[in-house]
Amino acid sequence: MGLFLLISVGVFGQKDEFRVSSAEESLGKNLLTGSDIKGIRYDFPERIHKTFLDTTSGLLTVQLRGLRKEKWLNNKGNILQYDLLNNTLLWSKKIMYQVSSLQQFSNTMIFTRANKSYCLDIRTGEELWEVKNNIYHVDPMDNIGIGYRFKTATGYTNQLEGIDLSTGNVLWEKELNREYGWNQVFYTNDSTLMVVAAGLHALNIFSGQGWDYNTITGKKDYTTTVAANAAGVALGLLTGTFVTSTGHDLVREVVSNVLVDSAFLYFSSKEQLAKIDKQNGELLWKYPFPKDVPSKSAIFMNDSALFMINKGYAFMGNRTLDFGKPFIAAFDKLSGQQVYFSFIDETGGPILGFKLINQQLFLVFKNKIAQYSQATGDRIREKAFPDQDFGDFRYFVGDQAFITNPTGDLVNLNQSDTTKLFVYTTQGKTLALDHELNVSDTIDYEDLSIYYLRTKDFKFIEKDKHTLIVDNEGKSVAEVEVTSDAFLIGETLYDKSDNSFFVIDLKDILKKE
């Protein structure tokens, strides 16, 4: 979508209080030519909470949600539908964020309120149909929504329904346990959806048919105290991870990621580690765990072995608690036979992160780092780091962190010195450690840049709400005033900040000679 000139025009929708103004302004610099990069800023009457842009129609859906006392989110807000092409506010709708939500996929808009989901006309906001169902997942290509049936007498059931989003008609039904929530959803082919919820469930998006592997992925009625050193500290900007909330007395995420190869699935739960045939769901082997040992875990593999890192924590709502026992283990991928199983000293707390370098596994804890052999599971060394010196450790820094080198070029932090480990702390510091775990340098968070977006030929790297656009040779070609929340559609960059939405045409920057 190209730029179009607007000069502070006020528009009015259904109510005069929703005034949207727009103006052209300089939002960056072309570093090759020295010329300004122009863009359009749209100012809305309140803080922008979320947006969705349908580029085929030029319609921008904006959810407004203000702040109380400048830090607490309001429970009430409004949905505005704004036509960018014609500079017109089409409609508005109130939303109560505690009991309502909005999902949008291309020209399909699903508004969920209390126990019902409604399909809204994107141009008028009118309700086209309603269902007693809380839609969990939408397949935008096939226009099918999936969610659980609500019954007045019993509440939400385990009856999963496939819904035709053009009519609201139920296409199919399937019993699927929802007591531990959904952990993951992904496709194994064009029509087969894999739902990770109390196990693995393969279902055909059109018919709901498929196989089920049932297992336990949480614990109900859990009443233990949430640990003070909860592993929630492992969540942060540099890892890009997040969690979602469920019941207050339900422990969830006692699962691993799902590994997929050409014919098999590998998955760990509270009960066991398992290898499953991807086509028919047949359990090929399992490794049962001792009681109260499993937790949130990560699995990965090489040609012959499957490796598991049991982290020693799980989630309850948005909180994190010590759960299970941390260990590392390896298994023969073909047979499931144990190669090694090594418990980790629990006094260090849960495992907050790991990194594999040259067949050596480095584990980060709250106040220590340990090094293990990937081949044998034996501990090579371990070192404690007093929190009064560095603060608590949070995680190993990922490959999205960049730093400016002595020549002024932006380089990947991990690749800037492959002999070093980089770990982030609660003091906002990144420590550089050699492979003998000695601290050789300290880097302030303010000195890091975050790589958040790429095209075939360019990387977008943000620092202090400014983004550098860098080509594949590492040369900076442009600087734009957008954050790491910005997104690119075609050759146009979009971002929001406070009550403003920005549209920046980058076709002159992104074109290749």
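Residues numbered from 1 in each chain as written. Predicted model: local features only at pLDDT ≥ 70, side-chain atom pairs only at ≥ 80, totals over all residues. Heavy atoms only, no water.

Draft legend 1. Main features of the pattern of salt bridges. In total, this model carries 16 salt bridges according to the counting rule given. Of the charged contacts, one joins Glu-127 and Lys-93 as a salt bridge, the two residues approaching to 3.9 Å between their closest N and O atoms. Of this pair, Glu-127 sits in strand β13 (residues 127-131) while Lys-93 sits in strand β9 (residues 88-96), placing them 34 residues apart in sequence. With a closest N to O distance of 2.6 Å, Lys-429 and Asp-444 form a salt bridge. On the criterion of sequence distance, the pair formed by Lys-429 in strand β41 (residues 429-434) and Asp-444 in strand β42 (residues 439-444) is long-range, its members being 15 residues apart. Among the residues examined, Lys-429 registers a relative accessible area of 27% and is labelled partly exposed. Residue Asp-444 is classed as partly exposed on the basis of its relative accessible area, which comes to 29%. (Salt bridge = Lys/Arg side-chain N within 4 Å of Asp/Glu carboxyl O. Helix = DSSP H or I, 4+ residues; strand = E, 2+ residues; numbered from the N terminus. Buried < 20%, exposed > 50% of the residue type's maximum accessible area, 1.4 Å probe, protein only.)

Draft legend 2. Molecular detail of the sheet that holds strand β24 (residues 264-268). Spatially, β23-β24-β25-β26 is the arrangement adopted by the 4 strands of the open sheet, whose pairing is antiparallel. In the strand order of this sheet, the two ends are held by β23 (259-260) and β26 (283-288), each with one partner. As judged from the 2 bridges shared by β23 and β24, these two strands associate in the antiparallel manner. Considered in β24, the bridge of Val-260 is made with Leu-265. (Pairing = 2+ DSSP bridges.)

Draft legend 3. Expanded view of the environment of Glu-446. With respect to the helices, strands and loops of the structure, Glu-446 is situated in the loop between β42 and β43 (448-454). Separated by 17 residues in sequence, Glu-446 and Lys-463 place their C-alpha atoms 7.9 Å apart.

Draft legend 4. Highlighting the pairing of strand β25 (residues 272-277). Counting buried positions along β25 gives 6 out of 6 residues, so the element sits mostly inside the fold. The alternating pattern of β25 places Gln-272, Ala-274 and Ile-276 on one face and Leu-273, Lys-275 and Asp-277 on the opposite face, and all of these are buried. Bridge analysis of β24 against β25 gives 5 bridges, and the strand direction is antiparallel. Along β25, the bridge assignment pairs Phe-264 with Asp-277.

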